[in-house]
Amino acid sequence: MLTIPVDDCIHLRLLEMSHAPALFRLVASNRDHLRPWLPWVDRMRVENDAENYILRSLGRYSAGTEAHFGIWFHGMLAGSITVERIDAWNRVAEIGYWLGREFVGRGIMRRSTAALIDYLIDRRAINRIEIRCTTANVSSQSIPLRLGFRMEGTLHQAAYLMGRFHDHLLFAITADEWKRRKQGGGAAMREPAAPAPHAPT
């Protein structure tokens, strides 16, 4: 299956059926952490739900419309980063992501997103990449901001979460803008690799 190296301790791997147990465990242990932003976590109640999710995602990958990757950090599944929409005609893609609570704050998502952008531009000929975040999700907003995306506007009431509608902020960057940023040595490309997690005590 497709694997995208990020650095010495992080790699992205297209989710496959054998990943269902690890994915389910990660979601189950992070429900309260993820629920405010990802309502689907309450629909993943048993391991078979994770299997069905991966099966659907593989079908969409084969159709060329989506790509769902697990994020592995020092050999552990830490979260997911997804190409949620691939518009091949207009060469536009949208990225979404999440991490387990214990992996937040290590620079994992910023590096993973940068590597996925490289893949989309270099190997899928994508010209425009979008990221959408609810206005309250400051942590998710920090990823496109740190990577040089523009905040292009507000999509009013674009998400239904926790029983009410929320606005989305729309961030975007083009292939030319991304390449210029890399040539200039953007901050996300210069930072050291994320440290290994502490051993359980």
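About the thresholds
Residues numbered from 1 in each chain as written. Predicted model: local features only at pLDDT ≥ 70, side-chain atom pairs only at ≥ 80, totals over all residues. Heavy atoms only, no water. Helix = DSSP H or I, 4+ residues; strand = E, 2+ residues; numbered from the N terminus. Rg over C-alpha atoms; globule rule 2.2 N^0.38 Å. Buried < 20%, exposed > 50% of the residue type's maximum accessible area, 1.4 Å probe, protein only. Contact = heavy atoms within 4.5 Å. Areas by Shrake-Rupley, 256 points an atom, 1.4 Å probe, with all protein chains shown as cover. Lys, Arg positive; Asp, Glu negative; His and termini not counted. Charge placed at Lys NZ, Arg CZ, Asp CG, Glu CD. Expected span 1.5 Å × (residues − 1). Salt bridge = Lys/Arg side-chain N within 4 Å of Asp/Glu carboxyl O. Core = buried A, V, L, I, M, F, W, Y, C linked by side-chain atoms within 4.5 Å. Pairing = 2+ DSSP bridges. Right-handed = clockwise from strand over helix to strand, strands pointing away.

In terms of regular secondary structure, the chain is built from seven helices and eight strands. Relative to a compact globule of 201 residues, whose C-alpha radius of gyration would be 17 Å, the chain shows 16 Å and is just as compact. Across its three principal axes, the chain shows a C-alpha extent of roughly 45 × 40 × 35 Å. The buried share among the 201 residues of the chain stands at 46%. Relative to all contacts within the chain whose residues are 6 or more apart in sequence, the contacts with residues 24 or more apart total 63%. With an accessible surface of roughly 10,200 Å², the chain has 52% of that area assigned to carbon and sulfur atoms. Averaging the positions of the 26 positive and the 21 negative side-chain charges in the chain gives two centres separated by 2 Å.

With 17 residues, helix 4 (residues 108–124) should reach 24 Å at 1.5 Å per residue; the first-to-last C-alpha distance of 23 Å fits that figure. Along helix 4, 13 of the 17 residues are buried, which leaves the element largely enclosed by surrounding structure. Count one or two residues on from helix 4 and you reach Ala-125, which has phi positive near 55 degrees.

Turning next to the pattern of salt bridges. For the structure on display, the rule yields 14 salt bridges. Note that Arg-45 is salt-bridged to Asp-42, the shortest N-O span being 3.6 Å. Overall, the relative accessible area of 31% leaves Asp-42 in the partly exposed class. Glu-177 serves as the salt-bridge partner of Arg-150, at 2.5 Å between the closest nitrogen and oxygen.

Further remarks concern the nonpolar core. Leu-23, Phe-69, Ile-81, Ile-95, Leu-116, Leu-120 and Ile-129 are the most contacted members of the largest nonpolar core, which has 56 residues in total. Filtering out sequence-adjacent residues up to four positions away, Leu-116 remains in contact with Ile-4, Leu-12, Phe-69, Ile-81, Val-83 and Ile-95.

Time to look at the pairing of strand 5 (residues 92–99). Burial runs high along strand 5: eight of the eight residues are buried. Every second residue of strand 5 is oriented toward a common face, with Val-92, Glu-94, Gly-96 and Trp-98 on one face and Ala-93, Ile-95, Tyr-97 and Leu-99 on the other, all of them buried. Direction of pairing for strand 4 (residues 76–87) relative to strand 5: antiparallel, over a ladder of eight bridges. Among the inter-strand pairings, Asp-87 is bridged to a residue of strand 5, identified as Val-92. Remark: four residues form the turn of the hairpin made by strand 4 and strand 5, two consecutive strands paired antiparallel; Arg-91 in that turn has positive phi of roughly 60 degrees. Pairing of strand 5 with strand 6 (residues 128–134) involves four bridges; the strand directions are parallel. Bridged to Ala-93 within strand 6 is Ile-129. With helix 4 bridging strand 5 and the parallel strand 6, this β-α-β connection has right-handed handedness.

These results come straight from atomic positions and should not be treated as a statement about function.
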